[in-house]
Structures are given as structure tokens and as C-alpha cells.
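Notes for the structure review
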Amino acid sequence: MRIIVQKAKCQGHARCAAQAPDIFKLDEEGYILPSDIEVAEGEELPASRGARSCPERALELTR
Amino acid sequence: MATNPVPDHVPPEMVRDFSLFTSPGMPPTLNGDPHAAVARVHDGPPIFYSRYNTQDGRGTWVITRAADQRKVLQDAETFSSHRSIFSSILGENWPTIPLELDPPAHGVFRSLLNPLLSPKRVLALEPAVRERAVELIERIAASGTSCDVMKDFAFPFAVSTFLRFLGLPDDRLDTFVGWGKDLLHGDDKERPVAARTIVAFIDELAAMRRQEAVDDFMTFIVQAQVEGRRLTDTQVRGIGVLVFVAGLDTVAAAIGFDLAYLARNLKDQQLLRSEPDRIPLATEELLRAYPPIQLIRVATKDIDFEGAPIRKGDYVSCATMIANRDPAEFACPNTIDLEREDNRHAAFGYGPHRCLGSHLARREIVIGLEEWLARIPAFRIKQGTAPITSGGHVFGIENLILDWS
């Protein structure tokens, strides 16, 4: 599983990091780091929760 | 009141008799529920025109769907937030910053301020926030079995947290709250007086910090450099005024509406008291149900938006309390479900102007509820009293008298 990060759409709500801080890493301003995220095995549930929590729809799940 | 002419380009069938200021449930109402009252717009068309829908009496387009609000608020190029919301009260024209700057200027100031209110920074502020909550609630618990939550807890808690962030002492808290009340809820005479008082206060504070630096927010602002230059006096004022005003009212209102809900819904109250781990998720649902803010944008060009012929200069209202009750976005939007998952509510807005203080606000509410429920036994609205609620520019609740005898 992979999460495509549309960095330009991130507005720093930080809801993803609230769901899964180890998967969704934030910069000093509280916005998501730019690169896409490879989800480790066993972390699919928190990763998909985090991706679904984005109010801006900046995170897209792919398999 | 609703006497504004409808602009020629607005089709008459798109005009509806709705206003966040004058519709039923919006003026001060005993035992009101202004958020539920506005949710009724979802029985009508997704976009319409209201002839009277801002504090200064202007007409606006009203965007009701969360998805459409997202489109408007994410597109700052077409829908600008610069309307001199504060300075126009004084007959002037300067932006509050960063709210009323559009990209790219906006991003520069936002990057300056973001680290001060990032999730990480808020975590460091938490112990002091919790200590303040505990101190206030223990005083209330020790002094009887009833209190006015707004006066005794919500305002002193929210505003002193905020004053501490700004580096200002608590001793003028009541004065500051009074300015905020006059500015946000006052009449045409009170608002300019309050605005002038706040500007003078911020200007004086900035001058003091320029003269002598201390470790606080205003010192940071007057020393900050953007693109290699110190900020101008107007920029310092634009930031100071916005940050000051933003903290005076919103969090207190949210805590008031939340505790009023819990006072009327004892099962939910008991659930959160016995299982406090549920409070962060419940807070998201309460943020969805009771957000206090309407966001307004100004069209920078003609655009046909989802069937609405919006023309350059038109005002476009994105009321968070309307998006948050959108049945296309939330199942059973008028049911408050403290276990609701996937709750992507609009309480802090969408797009580049997402509430800068959102992380602090949300933690203040969580901490306030945690400490209140841990120290105050089953509470109800005191018999013979009725909270007064109001809609308008910032939704509010006065005199919430709770009783736990």
C-alpha cells in the first residue's frame, strides 16, 4: 500500500499525524513532508485512517 | 433589514429569505440552537443569494455544500479573503495578516507564524493550559454546586490561555473580553470604538516591545524579518490585531456550546466522564456540530460556479456551521454522535487560510472537557435559567448556568 501525498493541497490540519504520527511525518510548520509514503505491512489500518482524515483530500491511497 | 437591492446579475429565483443575522434562531434566543436552525438551509438549493448576510449588512452568495465550500476556500486566487474586515470598521483599508493576504504574499507570513502554533509547539504549551483549567475548575468546585460556565470558566480559561501565548498578563482579561464582545457582537456605535481601542492597544504594545524586547509573541513579530526586511508598522498591526481578536471569543463559545450539549444529554456526559479516552474523538464531533465562524470571500473575477453567476466583487459566504450539517458529507448530520469516525468537518476552514490557531483551540477544548468532567459531577442546566444563544458573525452563548447539586 502506498499513499500519494499532494503536498500543494496540504494546509497543515495535521489530522493524519493525529491518527498515525509514525506514518505521517510533519515539518516544523506542521505540514506534511513532501514525498509519497510506502506503508509497511501491518500498518494499513492506521495509514488508511490517516489518509481518510484529511479535510483537504491531499492524501490518496493506492494499492 | 433585508432591504438591500438584489444585484442585477442575480437571478430572482436564486434569492432566498435567509440570513445568519436575522433568520429564526439567529437573534439572541432563550434555549436556542442556532446551529440546528441554520441546518434547515439544506432543505433548499445548494447555492443561493442572501440579501443581508454580513456584520456590515451586505448580501452574499451562500455556499451550503461542504464540497463546494472546499472548492471556494481552496481557490484563493478566484475567491480572495481581503475585504478589510477589521479596518473597514474604522473606514480604513489595511489587511489583517495572514487572513486577508492572498497567495503568494500570504504564504510568506504564514510560514513565519506557523511554527508558533504547530502541533509540536502546542504540545509544549499543554501543561500550562491544563494547569489553568484545573485551577479555575477547582475554584468553582470548592465554591458551590452551580456556576455560570461562560463567566467562571469558558472565557477566563480560553482568554487567559491565549493571553499567555501572546505574553500578556491576565489582570486585564475582563477588559479584553469586553472589547471582543463590543467588536464582534456590538452595534454600529460600539464596534468602531472597540476597533480603535484594540488598534491603539496593539500599536502601543508593539512600540513597547520595539523599545525593550521580552520573550513573547509581539517581540517575535517586531523583530521578525520577511524577505530580508523588518515588518512595517501596518504589517505588525495587521498580525497583532488578527491574533488578538481571534483568541477572544471562539474557543470560549465552543466550550460553552459543548457543555450545554452535555448538560442536556446526560448519557453522553456520563460516557465521557467514565471513559475520558473518548474525549478527543468526541471533541471532533462537537467541533462539527457547534463551530462558531462564517468565512467570507470576495470574487476576484466573474465565474459561473455550480450554476451561480458569481460576478467580480460579489461576496461569497462559506459558513462552517452550514457545511458541517451537509447531508452529502455527513451521515445523519443533525445527530450528534460522539463516536463518529471519518469526521472531516470544516470547523477550522479549508484551504490556505485554515485556522492558524486550530491546534491550540482543539487541545484547549479537549483539556477543558477532560478537567471539567473529572471534577464536576453530573451537571444540568440550572432549573429556572435558560442559556441565551445567538447566530451572526460569530455564533455565541451567554450565561450558561450549570447545576450539580
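The written sequence of each chain sets the order in which its residues are numbered from 1. Lettering for chains starts from A, numbering for ligands starts from 1, and both go in the order in which the items are written. Restriction of local features to residues with pLDDT of at least 70 applies here, the model being predicted, together with a cutoff of 80 or more for giving and counting side-chain atom pairs; totals for whole chains, interfaces and linings are based on all residues. Derived side-chain values reflect all non-hydrogen atoms in the structure, with water molecules and hydrogen atoms excluded from consideration.

1. Quick look at empty space enclosed by the protein
For cavity detection a 1 Å grid was placed over the protein atoms alone, and a set of points counts as a cavity when a 1.4 Å probe fits there but cannot get out; an open set counts as a pocket when protein lies on both sides within 12 Å along at least five of seven lines, with lining residues being those that have an atom within 4 Å of a point. Grid points are joined across faces, edges and corners, and a volume is the space filled by probe spheres set on the points. Applying the stated criterion to the full structure yields two cavities of 30 Å³ or more. Of the volumes computed, that of the largest cavity is approximately 100 Å³. Cys-10, His-13, Ala-14, Cys-16 and Cys-54 of chain A are the residues nearest the centre of the largest cavity, which is lined by 15 residues in total. Think of it as three bins: nonpolar holds Ala, Val, Leu, Ile, Met, Phe, Trp, Tyr, Cys and Pro, charged holds Asp, Glu, Lys and Arg, and polar takes everything else, Gly as well. By residue class, the composition of the lining of the largest cavity is nine nonpolar, four polar and two charged. In this structure, the second largest cavity is lined by Leu-166, Leu-168, Ile-202, Leu-205, Phe-217, Met-218, Gly-240 and Phe-244 of chain B. Of all the secondary structure elements, the ones that give two or more residues to the lining of the second largest cavity are helix H7 (190–211), helix H8 (217–223) and helix H9 (233–246) of chain B. Among the residues making up the lining of the second largest cavity, the classes are represented as seven nonpolar, one polar and no charged. A run of H or I in DSSP becomes a helix once it reaches four residues, and a run of E becomes a strand once it reaches two; helices and strands are each numbered from the N terminus.

2. Details of the sheet that holds strand E12 (residues 380–381) of chain B
Residue and element names in this part refer to chain B. In short, DSSP must find at least two bridges between two strands for them to pair. What the three strands build is an open sheet, ordered E5-E15-E12; its pairing is antiparallel. A strand with exactly one partner marks an edge of an open sheet, and here the two such strands are strand E5 (146–148) and E12. Inspection of the sheet shows E12 paired to strand E15 (residues 401–403) by two bridges, in the antiparallel sense. Paired with Ile-381 across the strands is Leu-402, a residue of E15. Contacts between residues were defined by any pair of non-hydrogen atoms, one from each residue, lying within 4.5 Å. With axes taken as lines fitted to C-alpha atoms, and helix axes fitted only over the stretch in contact, angles between N-to-C directions fall between 0 and 180 degrees. The strands that helix H5 (residues 149–166) touches are E5 and E15; relative to E5, the one it contacts most, it runs at about 65 degrees.

3. Here's the deal with the packing of aromatic side chains
All names here are of chain B. Two rings from Phe, Tyr or Trp (for Trp, the six-membered ring) form a pair when their centres are within 6.5 Å of each other. A pair whose planes differ by under 30 degrees is stacked, one over 60 is edge-to-face, and the rest are tilted. Inspection of the entire model under this criterion finds 19 aromatic pairs over all chains. A centroid spacing of 5.5 Å and a plane angle of 65 degrees characterise the contact between Trp-179 and Phe-201, whose relative ring orientation is edge-to-face. Of the two residues, Trp-179 sits in helix H6 (residues 173–185) while Phe-201 sits in helix H7, which places them 22 residues apart along the sequence. Residue Trp-179 shares its accessibility class with Phe-201, and that shared class is buried. Only when the NZ of Lys or the CZ of Arg is both within 6 Å of the ring centre and within 35 degrees of the ring normal is a charge said to sit over the ring. When the ring centre of Phe-48 is taken as origin, the NZ or CZ atom of Arg-16, which lies over that ring, is 5.9 Å away. Note on classification: 1.4 Å probe, protein chains only; a residue is buried when its accessible area is under 20% of the maximum for its type, exposed when over 50%, partly exposed between these limits.

4. Considering the packing of helix H12 (residues 279–289) of chain B against helix H14 (residues 358–375) of chain B
All names here are of chain B. Where H12 meets H14, the closest approach of the two axes is 10 Å, and the angle between their N-to-C directions is 120 degrees. It follows from the interaxial angle that H12 and H14 lie oblique. In this structure, the crossing between H12 and H14 has a hand that is right-handed. For the pair formed by H12 and H14, the contact residues are Ile-279, Pro-280, Thr-283, Glu-284, Leu-286 and Leu-287 on the first element and Arg-362, Ile-365, Val-366, Leu-369, Glu-370 and Leu-373 on the second. Within the contact of H12 with H14, the residues separate by chemical class into eight nonpolar, one polar and three charged. In what follows, roughly perpendicular refers to angles from 65 to 115 degrees, roughly parallel to angles under 35, roughly antiparallel to angles over 145, and oblique to any angle outside these ranges. Note: crossing handedness is left-handed where the near helix turns anticlockwise from the far helix by less than a right angle, and right-handed where it turns clockwise.

5. Let's talk about the interface of chain A and chain B
How big an interface is tends to be expressed through the accessible area that disappears when the partners come together. Chain A puts 18 residues into the contact, and the matching count from chain B is 22 residues. Broken down residue by residue, the surface that chain A buries against chain B is led by Glu-29, Arg-52 and Arg-57 of chain A, which jointly contribute 33%. Salt bridges are defined by distance alone: a side-chain nitrogen of Lys or Arg within 4 Å of a carboxyl oxygen of Asp or Glu. Where chain A touches chain B, the interface holds four salt bridges. Notably, a salt bridge pairs Arg-57 of chain A with Glu-329 of chain B, separated by 2.7 Å at the nearest N-O pair. For the purposes of these results, a polar contact is taken to be a pair of N or O atoms within 3.5 Å, where, inside protein, one atom must be able to donate a hydrogen and its partner to accept one; residues adjacent in sequence count only when each atom of the pair is a side-chain atom. Counting every contact that joins chain A to chain B gives 13 residue pairs in polar contact (both at pLDDT 80 or more). Among the residues making up the side of chain A that touches chain B, the classes are represented as five nonpolar, five polar and eight charged. For any pair of parts, buried area is found by adding up, for both, the accessible area (1.4 Å probe) each one loses once the two are put together.

6. Considering the side chain of His-353 of chain B
All names here are of chain B. Looking at where His-353 falls in the secondary structure, it is placed in the loop between helix H13 (320–323) and H14. In this structure the side chain of His-353 is engaged in a polar contact, spanning 3.3 Å, whose partner is the side chain of His-106. What His-353 contacts, discounting residues up to four positions off in sequence, is Ser-81, Pro-98, Leu-99, Leu-101, His-106, Arg-110 and Arg-297.

7. Regarding the pairing of strand E3 (residues 60–63) of chain B
Within a regular beta strand, the side chains point alternately toward one face of the sheet and then the other, so they alternate between its two faces. Residue and element names in this part refer to chain B. Side-chain alternation along E3 places Thr-60 and Val-62 on one buried face and Trp-61 and Ile-63 on a second face that is also buried. Across four bridges, the pairing between strand E2 (residues 47–50) and E3 is antiparallel. Residue Ile-47 lies in a different strand from E3, and its bridge partner there is Ile-63. As paired elements, E3 and strand E11 (residues 315–319) share two bridges and run parallel to each other. By the bridge assignment, Trp-61 is partnered in E11 with Val-316.

8. Quick look at unusual backbone geometry
Residues and elements named next belong to chain B. Put simply, Ile-97 and Pro-98 share a cis peptide bond, and its omega is 5 degrees. Mapped onto the secondary structure, Pro-98 falls in the loop between strand E4 (79–80) and helix H3 (105–113). Across the junction of Pro-103 and Pro-104, the peptide omega takes the value 5 degrees, indicating a cis bond. Structurally, the position occupied by Pro-104 is in the loop between E4 and H3. For Cys-332, which is not a glycine, the phi torsion comes out positive at approximately 45 degrees. Within the element layout of this structure, Cys-332 appears in the loop between H13 and H14. With a phi angle near 35 degrees, Asn-399 is a residue other than glycine that sits in the positive phi range. Tracing the sequence through the fold places Asn-399 in the loop between strand E14 (396–398) and E15.

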